[in-house]
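Next come the chains, spelled out residue by residue.
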Amino acid sequence: MSSEPASAPAPAGEDGAGTISKKQAKKEAKKAEKAARQQESAAAAGGAAQTDSGESDPLAGSYGDIPVEEIQSKAVSGREWTEVGDLETGLADRTVLIRGAAQAIRPVSKKMAFLVVRQSMSTVQCVVVVSKDLVSPQFVKFATSLSKESIVDVEGVVSVPKDPIKGTTQQVEVQVRKLYCVNRAIPNLPINIEDAARSETEFEKAELTGEQLVRVGQDTRLNYRALDLRTPANQATFRIQCQVEHIFREFLLSKEFVGIHTPKLISGSSEGGAAVFKLDYKGQPACLAQSPQLYKQMAICGGFGRVFEVGSVFRAEDSYTHRHLCEFVGLDVEMEIKEHYFEVCDIVDSLFVAMFDHLHKNCKKELDAINRQYPFEPLKYLQKTLRLTYDEGIQMLKEAGTEIEPMGDLNTEAEKKLGRLVRQKYDTDFYILYRYPLALRPFYTMPCHDNPAYTNSFDVFIRGEEIISGAQRIHTPELLTKRAEACGIDVKTISTYIDSFRYGAPPHGGFGVGLERVVMLFCALNNIRKTSLFPRDPQRLVP
Ligand code: ATP
C-alpha cells in the first residue's frame, strides 16, 4: 500500500535486499524521478497536448497515451503501486498509483468525468475534475476519450465520500492527478462486461420496466473468453477452482500421499471402451489417456503406498451434455488398504468435508460474487458423510415411484431424483452410494466377497450428480485377467499392467474426481463450461 507520493522510490530495504545506504537511496530516488518524468514526457508526446484553441496545455504531461517503448522493460522506477483491492478509508488523503482496466467512463460535463478502474475482482471510482494547476479541461476530455477496458495508470489522492458508493467494490474514491493509457482496447468490444455480468433477476426487472438488456449467450462468451472471464462471477469461479485443487493437494500431502504424474500419451486405452482420442505416435497407434487409472495402480505396485495426481484427462465424448467435457482436470487418488475399501471412503469423506469447510470459511467474497449473478443455495453436507448402498438408493427411488431396471444404471434424471430424496430424508446434498452391481463397473473393480454380482465400489454425489467414482481394485493377476477377458478387453494390450500384479502387489483402492464437476455442483452452476477456463467439448476446440 502506498503512503508516499506515488512517484517516490520504494523505502530502503523494502525490496528484501536489506537496508541500503543513504547514498544508494538518493540514487534510487533520482532514478525514480527520472522514470516518472520520462513517463510524463512520453505521455505529453503521445497525448492531448493541444487545447481546442491550439494552445499547448501546460498540464499535458499529466495525461495521455504511453507509447509501447516506454513499457518495454526500459527502466525500473521503484514507484510504489497500490492494489485496487487495498484502497481503503485508512489511505484517505494519501497519493496512490494504480493500474487497471477502465471498466466504465462516465462524462458528467466538460469539467468532470468518472472513471471506474477494475483490477481482478476489485473496482474503484476515480474522479477527474478540473482544478487549477492539476486537471485541465483537456485532461477531462482525454479521460472521456478512453475506450472501455483500456488499461490505465491512475495517480491520485484517496478520498472518502459521505455516501456509500454504489457499483464499486471499494468504498473510497481516487481524485485523479495523473492519467495515462497504457494500452487502448478497441472501441467496439464483442462483449460488454456489464452485459456478461448480469443476473437473471436483472433481466426479470428489465422485462417489467420494458428496458432492453443484451443477453450474452454461452457460445459468444466462450468465443471471447478473454473478455468473458473478467466478470466477477468468472473471476470468483476460477479462484474457487484453484482452492479446490489446493485443498485436494494440501489434505492428501498431510496424509502422507505422494503427488505423481502419469503419461497422457499411451498405447491402448486406459479403461477400455471407445471414448479415446486416437493419435499417431511416430507410426505407432496411440491415444490420449482417458484416466490415470492403470498407471496410478502401477505406482502402488511400485511401492508408493499412497499417491495422488492432478492432471488432464481426455474423453472423446460423443454426446453434448451440461456435464461432460472432452478434456477435464482429473483429481485422482490411489492407496493401499489394510482390509476394507471403506478406508478409501474415509479419505473421500474427510477430504471433501475439509474442502467444503474451507470454501465456506475462506471464499466468502468469491461465493458472494457467484451468488450475485447465479444465485444458489449453499451446499448442505454432514460432518460425517452419509453412505447408502446402491440397493438402498434404488429402493428409495422405487418407493417414490421411479422404476429402475434391476441391477441397471441410474440415468441422470434418476440420479437427480435420488439426490432430492436423500436431501429430504437426510438433509444433505453430499453423499456416497456404494456396492454397485458388477455389470456397471470397469473390469479392474474388486467383486464383493459375499455376492460377486456386486462390487466393492462407490460413487459420490453432489446435488444429485456424480463427482467421484471409486473402488477397491483387483490385486491378483489371475482374477484381473479373468475380469478383463469377461469385459471383452484384449489382455495383450494391457499386459504390462497385468504383469505389475505378478511381482507382489498390495491390496488397494482409489477414486477419481472431476475438478470442473466439483466446482460446478458446489456452486450449483448449470453448465460445466462455466467451470472450465477454455472448455473442450465435442463442438469446441478454440479458443
Ligand atoms: P459419467 O457417468 O458422469 O459420464 P463416468 O462414470 O464416466 O462419469 P468416471 O470415468 O468414473 O466417470 O470418472 C470419474 C469422475 O470424472 C466423474 O465422477 C466425473 O467427476 C469426472 N468426469 C468423468 N467424465 C467426465 C467428462 N466427460 N467431463 C468432465 N468430468 C468428467
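For the structure itself, look to the data block above.
Now for a look at the structure at hand. Owing to the predicted nature of the structure, the values given are computational and were not obtained by experimental measurement.

What counts and what doesn't
- Residues numbered from 1 in each chain as written.
- Predicted model: local features only at pLDDT ≥ 70, side-chain atom pairs only at ≥ 80, totals over all residues.
- Heavy atoms only, no water.
- Pairing = 2+ DSSP bridges.
- Helix = DSSP H or I, 4+ residues; strand = E, 2+ residues; numbered from the N terminus.
- Core = buried A, V, L, I, M, F, W, Y, C linked by side-chain atoms within 4.5 Å.
- Buried < 20%, exposed > 50% of the residue type's maximum accessible area, 1.4 Å probe, protein only.
- Near = heavy atom within 4 Å.
- Polar contact = N/O pair within 3.5 Å; in protein donor to acceptor, adjacent residues only side chain to side chain.
- Areas by Shrake-Rupley, 256 points an atom, 1.4 Å probe, with all protein chains shown as cover.
- Nonpolar A, V, L, I, M, F, W, Y, C, P; charged D, E, K, R; others polar.
- Contact = heavy atoms within 4.5 Å.
- Phe/Tyr/Trp six-rings, centres within 6.5 Å; stacked < 30°, edge-to-face > 60°.
- Lys NZ or Arg CZ within 6 Å of the ring centre and 35° of its normal.
- Axes fitted to C-alpha atoms, helices over the stretch in contact; angles between N-to-C directions.
- Parallel < 35°, antiparallel > 145°, perpendicular 65-115°, else oblique.

1. What to know about the sheet that holds strand 10 (residues 284-288)
The strands that make up a sheet are held in pairs by hydrogen bonds between backbone atoms, and each pair lies either parallel or antiparallel. With antiparallel pairing, the three strands of this open sheet are ordered in space as 8-10-9. Each edge of the sheet is formed by a strand with only one pairing partner; in this case those strands are strand 8 (265-266) and strand 9 (278-281). Relative to strand 10, strand 8 runs antiparallel, the two being bridged by two bridges. Counterpart to Leu265 in the pairing with strand 10 is Leu288.

2. With respect to the nonpolar core
The biggest cluster of nonpolar side chains holds 55 residues, and the ones touching the most others in it are Phe352, Phe458 and Phe511. Top contributing element to this core by residue count: helix 9 (residues 342-362), with 10 residues. Residues Ala60, Cys126, Val152 and Val158 belong to the second largest nonpolar core, which totals 29 residues.

3. A few points about the site of the ligand
Of all residues adjacent to the ligand, which total 14 residues, the nearest are Glu317, His324, Leu325, Glu466 and Arg517. Leu325 is positioned such that a nitrogen or oxygen atom in its backbone is 2.8 Å from a nitrogen atom of the ligand. Ser469 has a polar side-chain atom sitting 3.0 Å from an oxygen atom of the ligand. Taking 580 Å² as the accessible area of the ligand by itself, protein coverage stands at 81%. Secondary-structure elements contributing two or more residues to the shell around the ligand are strand 16 (465-472) and strand 17 (508-514). With four residues, strand 16 is the single largest residue contributor to the shell around the ligand. Class assignment of the residues belonging to the shell around the ligand gives a composition of five nonpolar, four polar and five charged.

4. Focus: helix 8 (residues 293-301)
Taking burial as the measure, the nine residues of helix 8 include seven buried ones, the bulk of the element. Those residues of helix 8 not exposed but buried are Gln293, Leu294, Lys296, Gln297, Ala299, Ile300 and Cys301. Buried-residue contacts for helix 8 involve strand 11 (306-314), strand 12 (327-336), helix 14 (495-499) and strand 17. Looking one or two residues beyond helix 8, the residue adopting positive phi is Gly303, at roughly 95 degrees.

5. Some remarks on the packing of aromatic side chains
Evaluation of the coordinates by the stated rule reveals 16 aromatic pairs. Ring centres of Tyr431 and Phe461 lie 5.4 Å apart, and the angle between their planes is 20 degrees; on these two criteria the pair is classed as stacked. In this pair, Tyr431 is assigned in strand 14 (residues 430-434) and Phe461 in strand 15 (residues 457-462), connecting sequence segments 30 residues apart. Ring-pair connections join several aromatic residues into one group, and the members of that group are Phe352, Phe356, Tyr381, Phe430 and Phe522. The cationic tip of Arg441 hangs over the ring face of Tyr436; the distance from NZ or CZ to the ring centre is 4.6 Å. Directly above the aromatic system of Tyr320 lies the positively charged group of Arg529, at a separation of 4.3 Å from the ring centroid.

6. Things to note about the packing of helix 9 against helix 10 (residues 364-373)
Their axes nearest at 5 Å, the elements helix 9 and helix 10 cross at an angle of 80 degrees. Relative to helix 10, the element helix 9 is oriented roughly perpendicular. Residue-level inspection shows Leu359, His360, Lys361 and Asn362 of helix 9 in contact with helix 10, the latter providing Lys364, Glu366 and Leu367. Here the contact of helix 9 with helix 10 is built from residues that sort into two nonpolar, two polar and three charged.

7. Quick look at the sheet that holds strand 16
If you trace the eight strands from one edge of the open sheet to the other, you get 7-11-12-17-16-15-14-13, paired in mixed fashion. Since the sheet does not close on itself, it has two edges, and those belong to strand 7 (258-259) and strand 13 (386-389), each with one partner. In the sheet, strand 14 pairs with strand 15 via five bridges, with the strands oriented antiparallel. The residue of strand 15 that forms the bridge with Phe430 is Ile462. Of the strands in this sheet, strand 11, strand 12 and strand 17 touch helix 8, which is tilted by about 25 degrees from strand 12.

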